Amino acid sequence: MRGRVLIIAGSDSGGGAGIQADVKTVTMLDAFAMTAITALTAQNTEGVFGVLPIAPDFIRRQIEVVLDDIGADALKTGMLHDAAVIETVAQVIAERAGAVPLVVDPVMVAKGGAPLIEMGAIDALKRLLIPRAAVLTPNLPEAEILAGHAIGGLAAMQETAEELLGLGCEAVLLKGGHLPGDTVYDVLATAAGRRVWDSPRIDTRHTHGTGCTLASAIAAGLAQGMAIEPAVERARAYVQRAIASAPGFGHGHGPLDHAHPLRSH
């Protein structure tokens, strides 16, 4: 089942999201994680206190040396903070890994509200990277930014997921955790149609890194040869258990329990 996943994303010094969550997730799902770090953050459960961007040329170099030596069965992008980074990442993927399945997590805002992308870079994301994606995984606020309108409920989620397919990606998984209510809905839209998952909301503040974790879990599935829908199904189950058994660390939005498979056996 091993698959090689190259993660192109930012680092979270608190260990709950970003590259740290990605590596834990991919490893726990028995795939092999590799990284190209796009930015360093000074971050904990209470917020982002500083961002140090990595130069686009060095991001490119990280991607190139990994692909040239180890290769990849899936790619996952997370925090890409400006247009120059997005342009570089899109170009090197086109050159070196154009046929490799790509999961795009359009990271825009941290859990605590800090912006993680320049607003001017969103057009570059839509033009250059999303059309290459096997799966696009926006949460509700990100989908509203990408679509340019509010999303008020499940019906609007389904319509917006279909709308975002028009950006050129193969599938859109629109995550509904930001909608109020006791049930959380996720909508998967592909050319073959839609699927809606519903799950009871877990009452917890420990949800830091859920988006990174879900996207990386999907990428691990694709790297292992799974089709999109089964990969999403397994990823959702992994994230739900990780939230339910979160360790309770930190004073703010705490991390998930990425290692729960070690104890479930």
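Check the entry above for the structure.
Computed from a prediction, not measured in an experiment: that's the story for all the values here. (Residues numbered from 1 in each chain as written. Predicted model: local features only at pLDDT ≥ 70, side-chain atom pairs only at ≥ 80, totals over all residues. Heavy atoms only, no water.)

Quick look at the overall build of the protein chain now. Each helix and strand in the protein chain was counted, giving nine helices and nine strands. In terms of C-alpha radius of gyration, the protein chain reaches 17 Å, essentially the compact-globule figure of 18 Å for 265 residues. Summarising its shape, the C-alpha atoms of the protein chain cover approximately 45 × 40 × 40 Å along the three principal directions. The buried share of the protein chain, taken over its 265 residues, is 55%. Sequence-distant contacts in the protein chain: of pairs separated by 6 or more residues, those separated by 24 or more amount to 68%. Just so you have it, the protein chain exposes about 11,000 Å², and 54% of that area is on carbon and sulfur atoms. Treating the 20 positive side-chain charges of the protein chain as one cloud and the 28 negative ones as another, the clouds have centres 4 Å apart. (Helix = DSSP H or I, 4+ residues; strand = E, 2+ residues; numbered from the N terminus. Rg over C-alpha atoms; globule rule 2.2 N^0.38 Å. Buried < 20%, exposed > 50% of the residue type's maximum accessible area, 1.4 Å probe, protein only. Contact = heavy atoms within 4.5 Å. Areas by Shrake-Rupley, 256 points an atom, 1.4 Å probe, with all protein chains shown as cover. Lys, Arg positive; Asp, Glu negative; His and termini not counted. Charge placed at Lys NZ, Arg CZ, Asp CG, Glu CD.)

Moving on, we come to the nonpolar core. By size, the foremost hydrophobic cluster in this structure holds 47 residues, and its most contacted members are Leu 6, Ile 8, Ile 63, Leu 75, Val 89 and Leu 129. With six residues, helix 3 (residues 83-96) is the largest single contributor of residues to this core. With residues up to four places along the chain from it excluded, the contact list for Leu 129 reads Thr 77, Leu 80, Val 89, Ala 90, Ile 93, Leu 102, Val 104 and Ala 124. Counting residues in each nonpolar core, the second largest holds 33 residues, with Leu 29, Val 135, Ala 171 and Ala 215 among its members. (Core = buried A, V, L, I, M, F, W, Y, C linked by side-chain atoms within 4.5 Å.)

Glancing now at the pattern of salt bridges. Tallying each qualifying case throughout the model produces 15 salt bridges. A salt bridge links Asp 73 to Arg 4; its shortest N-O distance comes to 2.8 Å. Placement of Asp 73 in the loop between helix 2 (56-69) and strand 4 (74-77) and of Arg 4 in strand 1 (residues 4-12) is noted, with a sequence separation of 69 residues between them. Accessibility expressed as a relative area gives 31% for Arg 4, which makes it partly exposed. Here Asp 257 ties to Arg 263 by a salt bridge, and the two come within 2.4 Å at their closest N and O atoms. Judged by relative accessible area, Asp 257 falls into the buried class, the value being 9%. Overall, the relative accessible area of 55% leaves Arg 263 in the exposed class. (Salt bridge = Lys/Arg side-chain N within 4 Å of Asp/Glu carboxyl O.)

A separate point is the packing of helix 3 against helix 4 (residues 122-129). Relative to each other, helix 3 and helix 4 sit at 10°, their axes nearing to 9 Å. Overall, the two elements helix 3 and helix 4 adopt an arrangement that is roughly parallel. Residue-level inspection shows Ala 83, Ile 86, Glu 87, Val 89, Ala 90 and Ile 93 of helix 3 in contact with helix 4, the latter providing Ala 124, Leu 125, Leu 128 and Leu 129. Classifying every residue of the contact of helix 3 with helix 4 gives nine nonpolar, no polar and one charged. (Axes fitted to C-alpha atoms, helices over the stretch in contact; angles between N-to-C directions. Parallel < 35°, antiparallel > 145°, perpendicular 65-115°, else oblique. Nonpolar A, V, L, I, M, F, W, Y, C, P; charged D, E, K, R; others polar.)

As a further point, take the environment of Pro 138. With respect to the helices, strands and loops of the structure, Pro 138 is situated in the loop between strand 6 (135-136) and helix 5 (140-147). Sequence-wise, Pro 138 and Val 104 are 34 residues apart; in three dimensions their C-alpha atoms are separated by 8.5 Å. Apart from the residues lying within four places of it in its own chain, the contact partners of Pro 138 are Pro 106, Ala 143, Leu 146, Leu 164, Val 172, Leu 173, Leu 174 and Lys 175.

Our next topic: helix 3. One turn of the α-helix equals 3.6 residues, which is why residues spaced by three or four share an orientation. Taking 1.5 Å per residue, 14 residues should reach 20 Å; helix 3 reaches 20 Å between its end C-alpha atoms and fits that length. Of all the residues in helix 3, the buried ones are Val 85, Ile 86, Thr 88, Val 89, Ala 90, Val 92 and Ile 93. Residue Asp 82 occupies the N-cap position of helix 3, its side-chain oxygen lying 3.3 Å from the main-chain nitrogen of Ala 84. (Expected span 1.5 Å × (residues − 1). Polar contact = N/O pair within 3.5 Å; in protein donor to acceptor, adjacent residues only side chain to side chain.)

Before going further, it helps to examine helix 1 (residues 18-28). Every buried residue belonging to helix 1 is among Gly 18, Ile 19, Ala 21, Asp 22, Thr 25 and Val 26, and all of these are buried. Take helix 1 and look down its axis: the buried residues cluster within an arc of 160°, on one side only. Those residues of helix 1 hidden inside the fold are in contact with strand 1, strand 2 (32-44), strand 4, helix 7 (210-223) and helix 8 (228-244). A positive phi of about 65° marks Asp 30, the residue just after helix 1. (Arc of directions from axis to C-beta.)

So far we have only geometry, and geometry alone does not tell us how the molecule works.
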